[in-house]
Amino acid sequence: MNNKILLLGSGELGKEFVIAAQRIGQTVIAVDSYKNAPAMQVAHGFEVINMLDGDTLDKIVAKHQPDFIVPEIEAIRTERFYEYEKQGITVVPSAKAANFTMNRKAIRDLAAKDLGLRTANYRYATTAEELQKAVQEVGMPCVVKPLMSSSGKGQSTIKTNEDIAKAWNYAVEGSRGDVVEVIVEAFVNFHSEITLLTVTQNNNPTLFCAPIGHRQERGDYQESWQPARVSNKDLEEAQDMAKKVTEALGGAGLFGVEFFLTDEGVYFSELSPRPHDTGMVTLANTQNFNEFELHLRAILSLPIFEITLEKNGSSAVILASENSNNPTFTGVENVANLPKTDFRLFGKPTSRPYRRMGVVLSYDSLETPIEEIVERAKSTASLIKVNA
């Protein structure tokens, strides 16, 4: 059962996926645009390329002849994936899923227009003038996001007319790929947002993890916790939406499906066809399998009997505050000395302001109030400092 996996993108999520794959004897080649990326440090081999260069991507695939291609980021020439599928390579979760979800336009239109899911009112814009018109149509406040970006890059909220030009420039800066287009969304008055980790399987039913709550700043998650408090009605609605959209995309693997919870019900927000950053809370052993193990098992068609919630847990990010080519950490021993606490340092070779360099994990019994665990994770994360 030794398969060769080509991992496209080698950040901290990829690193945990490689560790899961190594544990059951899979061979992984990690690919990214810079040397010594986190997943490269634990993989069997690595390649440093620009994954937006389709010809170079073709050469790497031909060189390694992988059984599976597992994308970890958005900035990839994903239209080539259809050709790789024709060659008999399994693209995870599928070439269609990777293409649709790397582009917010395709996934939003699929959800809202084809599947009729409840979403925020939205428009698209390819110029600053079109953005002005789109903002008038959806109304203020509204949120602007590049169609191709990750981890909240280029995302901003427009509250006044003066914000529009700034939002356009910021979106262009944060856009990945070579198409500059944004989605403008009406602001949804939500009381919480959740990630529903959804596992599609080749020959078995779709499974759901307990919902994960999260808080964001600058479009990036700061803390996540599992389980999030969700009513049975809202959870059933979210599961139904997640099942519909993942079935439409096809393939097997773990999807991170994001929802807004409002007084009117559940709104579909976004979807990632791979382990989700907010799902790092599962590294606290909140479940019988963490999200990376679930992704791997689904990919390899290993049956997953059930997903069970074992503990309540929270993750809180460790952020850098300055630029460095040799970041170091202090305060780690203080965290190691705490009960029901763990941490991961990702091994990123450089730091910059707000770059995620690690995560603190906190956990306790299923009876412990989740707010207590979140507070503990936040205060613990502040003990670790990233030094330039």
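All residue numbers here refer to positions counted from 1 along the written sequence of the relevant chain. Two thresholds apply to this predicted model, a pLDDT of at least 70 for residue-level local features and 80 or more for giving and counting side-chain atom pairs, whereas whole-chain, interface and lining totals are computed over all residues. Only hydrogens and water are removed before side-chain values are computed, so all heavy atoms of the structure are retained for them.

- An unreviewed UniProt entry annotates the protein as Formate-dependent phosphoribosylglycinamide formyltransferase of Flavobacterium ponti.
- UniProt positions are given in the numbering used here, feature names are shortened, and annotations may be inferred rather than shown by experiment. Per its UniProt entry, the protein bears the Catalytic activity (unreviewed entry) comment "N(1)-(5-phospho-beta-D-ribosyl)glycinamide + formate + ATP = N(2)-formyl-N(1)-(5-phospho-beta-D-ribosyl)glycinamide + ADP + phosphate + H(+)".
- Annotation of the protein in UniProt includes, under Pathway (unreviewed entry), the sentence "Purine metabolism; IMP biosynthesis via de novo pathway; N(2)-formyl-N(1)-(5-phospho-D-ribosyl)glycinamide from N(1)-(5-phospho-D-ribosyl)glycinamide (formate route): step 1/1."

Some thoughts on unusual backbone geometry
Phase 1: Residue P93 follows V92 across a cis peptide bond; omega there is -10°.
Phase 2: Only DSSP runs of H or I covering at least 4 residues are called helices, and only runs of E covering at least 2 are called strands; the numbering of each starts at the N terminus. Its place among the elements puts P93 in the loop between β5 (90-91) and α4 (95-101).
Phase 3: For the bond running from M140 to P141, omega is -5°, close enough to zero to count as cis.
Phase 4: Position of P141 relative to the elements: it lies in the loop between α6 (128-138) and β7 (142-146).
Phase 5: The backbone phi angle of K340 is positive, close to 50°, even though this residue is not glycine.
Phase 6: Relative to the helices and strands, K340 resides in the loop between α10 (332-336) and β18 (341-345).

Overview of the UniProt feature "binding site: N(1)-(5-phospho-beta-D-ribosyl)glycinamide" (unreviewed entry) in the protein
Phase 1: In this structure's numbering, the residues bearing the UniProt feature "binding site: N(1)-(5-phospho-beta-D-ribosyl)glycinamide" (unreviewed entry) are E12, L13, E72, D277, K348, R355 and R356.
Phase 2: On the secondary structure map, E72 appears in the loop between β4 (68-71) and α3 (81-86).
Phase 3: In what follows, residue pairs with any heavy atoms lying within 4.5 Å of each other are defined as contacts. When near neighbours in sequence (up to four residues on either side) are disregarded, E72 contacts L7, L8, G9, S10, G11, E12, L13, G14 and R274.
Phase 4: As for its position among the elements, K348 is in the loop between β18 and β19 (356-364).
Phase 5: With residues up to four places along the chain from it excluded, the contact list for K348 reads E12, P38, P327, R355, R356 and M357.

Some details on helix α5 (residues 104-114)
Phase 1: Think of it in three bands: residues with accessible area under 20% of the maximum for their type are buried, residues over 50% are exposed, and the middle band is partly exposed, with areas taken using a 1.4 Å probe on protein chains only. Listed in full, the buried residues belonging to α5 are R104, I107, R108, D109, L110 and A111.
Phase 2: For α5, the secondary structure elements touched by its buried residues are α4, β6 (122-125), β7, β9 (182-186), α8 (232-249) and β15 (265-272).
Phase 3: At the C-terminal side of α5, G116 shows a positive phi close to 70°.

What about the nonpolar core?
Phase 1: The term nonpolar core refers to a set of buried residues drawn from Ala, Val, Leu, Ile, Met, Phe, Trp, Tyr and Cys, joined through side-chain atoms within 4.5 Å. Judged by nonpolar contacts, the single largest core of 28 residues is most densely connected at I5, F17, V70 and M280.
Phase 2: The leading source of residues in this core is helix α1 (residues 12-23), at five residues.
Phase 3: With sequence-adjacent residues up to four places away left out, F17 is seen in contact with I5, L7, V70, F292, H295, L296 and I299.
Phase 4: Membership of the second largest hydrophobic core comes to 22 residues, among which are L110, A238, M241 and F259.

Considering the pattern of salt bridges
Phase 1: Salt bridges are defined as contacts in which a side-chain nitrogen from Lys or Arg sits within 4 Å of a carboxyl oxygen from Asp or Glu. Going through the model one piece at a time under the given rule, you end up with 28 salt bridges.
Phase 2: The partner of R77 in a salt bridge is E79, and the shortest N-O contact between them spans 3.6 Å.
Phase 3: Judged by its relative accessible area of 43%, E79 falls in the partly exposed class.
Phase 4: Ionic pairing is found between K113 and D109, a salt bridge with its closest N-O pair at 3.7 Å. With a gap of four residues between them, K113 and D109 both fall in helix α5, about one helical turn apart.
Phase 5: By relative accessible area, which is 58% here, K113 ends up exposed.
Phase 6: Here the salt bridges share partners, and the residues they tie into one network are E12, D220, D277, K348 and R356.

Overview of the sheet that holds strand β8 (residues 156-158)
Phase 1: Only strands joined by at least two bridges in the DSSP assignment are considered to pair. In spatial order, the strands read β6-β9-β7-β8; together these four strands make up an open sheet with antiparallel pairing. Two strands in the sheet have a free side with no partner beyond their single neighbour: β6 and β8. Averaged over all neighbouring strand pairs, the angle between strand axes comes to 30°, with direction disregarded.
Phase 2: Relative to β8, β7 runs antiparallel, the two sharing three bridges. The partner of V143 across the bridge, within β8, is T157.
Phase 3: To define axes, lines are fitted to C-alpha atoms, for helices over the stretch in contact only, and angles between the resulting N-to-C directions are given on a 0 to 180 degree scale. Against the sheet, α5 makes contact with β6, β7 and β9, and its axis sits at roughly 155° relative to β6, the strand it touches most.
Phase 4: Relative to β8, helix α7 (residues 163-174) is tilted by about 160°, and along the sheet it contacts β6, β7, β8 and β9.

Quick word on the side chain of E12
Phase 1: Note on placement: E12 falls in helix α1.
Phase 2: Any N or O atom pair separated by 3.5 Å or less is treated as a polar contact, with the protein-specific requirement of one donor-capable and one acceptor-capable atom, and with residues adjacent in sequence counted only for side-chain atom pairs. There is a polar contact of 2.9 Å between the side chain of E12 and the side chain of R356.
Phase 3: Excluding residues within four positions of it along the chain, E12 makes contact with P38, E72, M280, F346, K348 and R356.

A look at the side chain of S324
Phase 1: Structurally, the position occupied by S324 is in the loop between β16 (312-319) and β17 (328-330).
Phase 2: For S324, a relative accessible area of 10% corresponds to the buried category.
Phase 3: There is a polar contact of 2.9 Å between the side chain of S324 and the backbone nitrogen of N326.
Phase 4: The contact partners of S324, leaving out residues within four places of it in the chain, are P349, T350, S351, N387 and A388.

Notes on helix α9 (residues 291-299)
Phase 1: Most of α9 sits inside the fold, with seven of its nine residues counted as buried.
Phase 2: Burial in α9 covers these residues: E291, F292, L294, H295, L296, A298 and I299.
Phase 3: If you follow the buried residues of α9, they end up packed against β1 (4-8), α1, β4, β10 (192-200) and β14 (253-262).
Phase 4: The backbone nitrogen of F292 lies 2.9 Å from a side-chain oxygen of the residue at the head of α9, namely N290.

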